[in-house]
Amino acid sequence: MSFIADITNVSVTPLTQQQIAHFLSADNTAASTTFLNLFSQVAHCEWSILLDTAGSKKSDGRFNIMAWNPSMMIRAAKGQTELIDAITNTSRKVKEAPFEATEKYLHKQVAHLKSPLDKQYAHLPFLIGVAGMAGYDAGRFYESLPSNAIDDYDTPDFAAGLYLQSIIEDTETGIFYYCSANGSTQPDFFQPEFSQTDFSQTDLSGTNHSESVESNSVNQNTNVHGECRKPDKLKSRNDFTLTTPFASNLTKEEYYQRLATIHGYLTAGDCYQVNMAQRFTAQYRGDFWTAYRQLRDTNQAPFSAYFHLPEGTIASISPERFLSVKNGIVETKPIKGTRPRYKDKQRDEESANSLLNADKDRSENLMIVDLLRNDISKHCSPGTVNVPALFALESYEAVHHLVSTVTGKLASESTPLDLLASAFPGGSITGAPKIRSMEIIDELEPHRRNIYCGSIFYMGYREDMDSSICIRTVLAENNKLHCWAGGGIVLDSQAPDEYQETLDKVSKIIPVLAAFNEGNE
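All values derive from a computational prediction rather than experimental measurement.

Q: Can you walk me through the overall build of the chain in this structure?
A: From N to C terminus, the chain includes 12 helices and 26 strands. Looking at the 521 residues of the chain, the share that counts as buried comes to 60%. Restricting the contact set of the chain to residue pairs at least 6 apart, pairs at least 24 apart contribute 76%. Accessible surface, the chain: about 20,700 Å² in total, of which carbon and sulfur atoms supply 46%.

This is how it looks when you write it as structure tokens:
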């Protein structure tokens, strides 16, 4: 495997508006779309990733991040973890679980790097480092769980890359920054001869790595680096369309029956809360990036993300932070409690007040706050875990949410990825106690969740980290779209209300995707 020991510094270069305008001369360069138009240049490249505040200021939303052409990747599925080297185009299995493999083989490559000398860039997140996704079922690498639910996905349980270049937009100042570990001062795709292999095929020390090494060649299914180009005939919103309507993997009656089963577990004292979800599936054709842009504009969720993998593409419009670490301070913001939004202002306020005063929702939220306090305390210094905000109202395009905040100080002997692994998957989307709830979820949900209720995350080389809970998320693979919605079930949950809540949660996803068909008629 290749190494990056000769790199010593990370450079940060502000991109001038003239550079960007010149490069995007054929595109819309309005301020609100410039970053998306930049990412469009690599959106169809495998392993390209966009972390998108979608115009939201919630959860301190300020920075948009795009990264592409990782030099090394970790991929995990079906109990196996694989290290992929894009420089030598080889791969091998490793014994570590995915988060530990990411720490050992990816982050350690850049942990020695020095920060930019200019302190004016110290406020920027990430710069370069590790980014990717951990699906809900990555939890199977850490806990022994049953295997009742059908696993019908090609997209892996875990995929993360080591990205040595990025572009960051500061939405407060409007400044774009190009960050690099190879001394370059502008993105490779600014060059007319750009292809996806350009950056990754050369060692950043200048050594050519065209020679083979003793390892397995990457198989065709992995397809690490195909050509980086925009697919032909993908030039307007009319290029995306559903070819079948969305359909659930559960009828309403089946959903009610499963809630009755959960009620039995609750009354028996087997558990206190279980997050039960249904999956909606449709077939589609065309450009999924086009669909993402409409979804993010409609929902304006602060943890929106787009991740294009060889096997499938993830479009997340999540409002929920899982875990963040900044300057050693840990934060998690669980969501529990939901009410629909209404166009009528009075009715909308009544809906919000109903949530704020609902004993059931406050009880659900408090259960998960207690669970997360326990989870993060494993890697926080004793006595530092606090709850600075409990039962706060956050309103999004489709729903109102009840959100709490839990903080702590990361222990000196722990890393952010240690924290993420030990708390994964998030308590807000499993239940309490966590493992028993996950067993019940596997028993009652017909299909595994894959990315749903997993996490999109980054950890920069300075060990700053942020991560989402992948609710309000769509997975595109094999010309199918999957999206999910669920809710926490407690003893006094009413099946009709819980079922309606799942529909409310996809009310700004399924209709938005279906609307493309209306435009094509």
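Q: Help me understand helix α5 (residues 252–267), please; the structure alone is not making it clear to me.
A: Between its terminal C-alpha atoms α5 stretches 23 Å, which fits the 22 Å expected from 16 residues at 1.5 Å a residue. Contacts made by the buried residues of α5 are with β14 (273–286), α10 (434–444), β26 (480–489) and α11 (495–505).

Q: What's the story with a nonpolar patch on the surface in this structure? I'm lost.
A: Together, L366, V387 and L390 give the surface a local cluster of nonpolar side chains, amounting to about 210 Å² of exposed area. Note that L366 resides in helix α8 (residues 359–377). The class of L366 is partly exposed, set by a relative accessible area of 37%.

Q: Sorry if this is basic, but what is going on with the environment of A97 here?
A: Locating A97 in the fold gives a position in the loop between β6 (90–94) and α3 (98–110). For A97 and F141, which are 44 residues apart along the polypeptide, the C-alpha to C-alpha distance reads 6.1 Å. For A97, the contacting residues outside a window of four places in its chain are T81, F141 and Y142.

Q: Hey, could you run me through the layout of surface pockets in this one?
A: Looking at the largest pocket, its volume works out to about 860 Å³. Among the residues making up the lining of the largest pocket, the classes are represented as 17 nonpolar, 12 polar and 11 charged.

Q: In this structure, what is going on with the pattern of salt bridges? I would like to understand it.
A: Working definition: two side chains of opposite charge can pair if their charged atoms are close together. Under the counting rule described, the total for this entry stands at 25 salt bridges. With a closest N to O distance of 3.9 Å, R448 and D151 form a salt bridge. With a gap of 297 residues between them, R448 in the loop between α10 and β23 (455–460) and D151 in the loop between β7 (129–134) and β8 (158–163) connect regions that are remote in the sequence. On the accessibility criterion, R448 (14% relative accessible area) is buried. One network of salt bridges, in which partners are shared, links D52, R296 and D297.

Q: Is there a simple way to explain the environment of S363 in this structure?
A: Secondary-structure assignment places S363 in helix α8. In the structure, S363 is positioned 27 residues away from K336 in sequence and 9.1 Å away in space, judged by C-alpha atoms.

Q: Any chance you could explain empty space enclosed by the protein here in plain terms?
A: One pass over the full model with this rule turns up 5 cavities of 30 Å³ or more. One number sums up the size of the largest cavity: a volume of about 150 Å³. Forming the walls of the largest cavity are 20 residues, and the residues nearest its centre are K336, I471, R472, G486 and K505. Elements with a minimum of two residues in the lining of the largest cavity: β19 (335–340), β26 and α11. Looking at which element gives the most residues to the lining of the largest cavity, the answer is β26, with 5 residues. Grouping the constituent residues of the lining of the largest cavity by class yields 6 nonpolar, 8 polar and 6 charged. Lining the second largest cavity are N299, A301, I317, P319, Y396, E397, A398, V399, H401, R472, K505 and K508.

Rules used throughout
Residues numbered from 1 in each chain as written. Predicted model: local features only at pLDDT ≥ 70, side-chain atom pairs only at ≥ 80, totals over all residues. Heavy atoms only, no water. Helix = DSSP H or I, 4+ residues; strand = E, 2+ residues; numbered from the N terminus. Buried < 20%, exposed > 50% of the residue type's maximum accessible area, 1.4 Å probe, protein only. Contact = heavy atoms within 4.5 Å. Areas by Shrake-Rupley, 256 points an atom, 1.4 Å probe, with all protein chains shown as cover. Expected span 1.5 Å × (residues − 1). Patch = residues over 30% accessible without salt bridge, like charges linked within 9 Å, V, L, I, M, F, W, Y side chains within 5 Å. Salt bridge = Lys/Arg side-chain N within 4 Å of Asp/Glu carboxyl O. 1 Å grid on protein atoms, 1.4 Å probe; cavity = no way out; pocket = protein on both sides within 12 Å on 5 of 7 lines; lining within 4 Å. Points joined across faces, edges and corners; volume = space filled by probe spheres on them. Nonpolar A, V, L, I, M, F, W, Y, C, P; charged D, E, K, R; others polar.

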